[in-house]
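# Descriptive analysis of the structure
Read off the chains here:
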Amino acid sequence: MSEYDNQAGVAERVIRDLALSQAVAETCSILLDLISTDDAIKAELGRKFEPALSDLVRIEIAPIDEEFGAFSIAEGEVRLNEVEVARLIAYVLDDMKSQLGDNLICITKDDVRETLEEAVSLFALHELRHRTQGVQEFSTVQLLKAIDGRARIATFDIQADRDAAVALAATKAKSTSSAEFHDAYQRALFYSIQYFFRIYPANAKRPDKVCRVAALMFMLARLEIYRKLGHLQIGGSKTALSVSISGDKRSLAVFENEPEQRLLCASNDVNDLPLFVANIEEGNLDEALGQAFLIVTSIGLN
Ligand SMILES: [Zn+2]
């Protein structure tokens, strides 16, 4: 048995024991409450999540047919694909184990539970956000890829990553301007980078994924700069970004997607870019994240 199979087996038992689907349902219910009681949250997340959550009657982590991909919904019953959730759990546990091994931090049982609950909730909120984007059906996504290529789906995905991260953070904090909110939002972006791209890795054949990872890393870098300095020179501190990288991997353009798409910056001959892209393609995400900070500053995206 490979190490992965072993971990996935452990993860499947953890799913049962931790009742993670209840944690996801709880997150969705807190978010719906916030949307109906807090005007700022309603303005920020209402149209994105209210129609996607209000008809849900049950959430479960279970096997689903291949034709549905990561997620299926019928008559308010949501199923998250247990294979993908099990892999997500295995990566989270693996990461925590290596942090323990390196003596980086002290991790309690509650920390493990909380991290798993947050990562799986984030995964579910990303999928649920696709409902209000009009791309909830796996078959629609495949059709759209055939019509339009992968770039538009990548834009939907980054927006869903960002909205899911904001939504999860909102359920953890009293207000969206609090340090608690920013901590949780930062953590959620980090989980998206650190875990989701291990389930669905980027590689040299998938420039759309490389650009999505780059966008998330730039969002994380900009958020940290914003928190440190109290401002950014350009664009919002938590808006979704899109990144385009030239074929020779020397130039890039970065766009902000909301409230309307606009170019934030386009740069030629970016020194660290070829190495940054190579690191993402090879799955060296820690190294790439360090380079993302350098690139953000060097191209004036800070
Ligand atoms: Zn997606």
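Chains are numbered independently. Their residues run from 1 in the order of the written sequence. Reporting of local features is limited, given that this is a predicted model, to residues whose pLDDT is at least 70; pairs of side-chain atoms are given and counted only at 80 or more, and all residues count toward the totals for whole chains, interfaces and linings.

### With respect to the nonpolar core
Counted only if it meets this: For this analysis, nonpolar core means a set of buried Ala, Val, Leu, Ile, Met, Phe, Trp, Tyr and Cys residues linked through C-beta atoms within 7 Å. Here a residue counts as buried when 20 or more other C-beta atoms fall within 10 Å of its C-beta, as exposed when 12 or fewer do, and as partly exposed in between; the C-beta atoms come from the backbone. Starting at the N terminus, helices and strands are each numbered in turn, a helix being any DSSP run of H or I of at least four residues and a strand any DSSP run of E of at least two. The split of the chain into domains comes from an automatic or database domain assignment.
Residues A214, M217 and F218 are the most contacted members of the largest nonpolar core, which totals 80 residues. Sorting elements by how many residues they give to this core places helix α9 (residues 207-229) first, with eleven residues. Composition of this core by domain shows at least three residues from each of domain 1 (1-160) and domain 2 (201-302).

### What to know about the domain arrangement of the protein
We apply this condition: In this description, any two residues whose backbone-derived C-beta atoms lie within 7 Å of each other are considered to be in contact.
For the protein, the assigned domains are domain 1 (1-160) and domain 2 (201-302). One C-alpha centre belongs to domain 1, the other to domain 2; they are set 24 Å apart. Contacts between domain 1 and domain 2 engage seven residues on the former and eight residues on the latter.

### Concerning the sheet that holds strand β5 (residues 252-256)
Note the threshold: When DSSP finds at least two bridges between two strands, those strands are taken to pair. To define axes, lines are fitted to C-alpha atoms, for helices over the stretch in contact only, and angles between the resulting N-to-C directions are given on a 0 to 180 degree scale.
An order of β4-β5-β6 is seen for the three strands of this open sheet, with the pairing classed as antiparallel. The sheet is open, and its two borders are formed by β4 (241-245) and β6 (262-267), each paired with just one other strand. Averaged over all adjacent pairs, the angle separating strand axes in this sheet is 15 degrees, with direction ignored. Across five bridges, β4 lies against β5 in antiparallel orientation. Counted as the bridge partner of I245 is L252 from β5. Strand contacts of α9: β4 and β5, with the helix running at about 130 degrees to β4, the strand carrying the most contacts.

### Notes on the packing of helix α4 (residues 82-101) against helix α8 (residues 179-199)
Packed helices, taken two at a time, are described by their axes: the angle between them and the distance between them. Filter applied, for reference: Each angle receives one of four descriptions, namely roughly parallel if under 35 degrees, roughly antiparallel if over 145, roughly perpendicular if within 65 to 115, and oblique otherwise. Crossing chirality is assigned from the near helix's rotation relative to the far helix, an anticlockwise turn below a right angle marking it left-handed and a clockwise turn marking it right-handed. Note that Gly is not counted as nonpolar here; it falls among the polar residues with everything else outside the nonpolar set of Ala, Val, Leu, Ile, Met, Phe, Trp, Tyr, Cys and Pro and the charged set of Asp, Glu, Lys and Arg.
Look at α4 against α8: their axes get within 9 Å of each other, and the N-to-C directions meet at 130 degrees. Taken together, the axes of α4 and α8 lie oblique to each other. Between α4 and α8 lies a crossing of right-handed hand. Of the residues in α8, those touching α4 at E84, R87, L88, Y91, V92 and D95 are Q194, Y195, R198 and I199. When its residues are assigned to classes, the contact of α4 with α8 shows five nonpolar, one polar and four charged.

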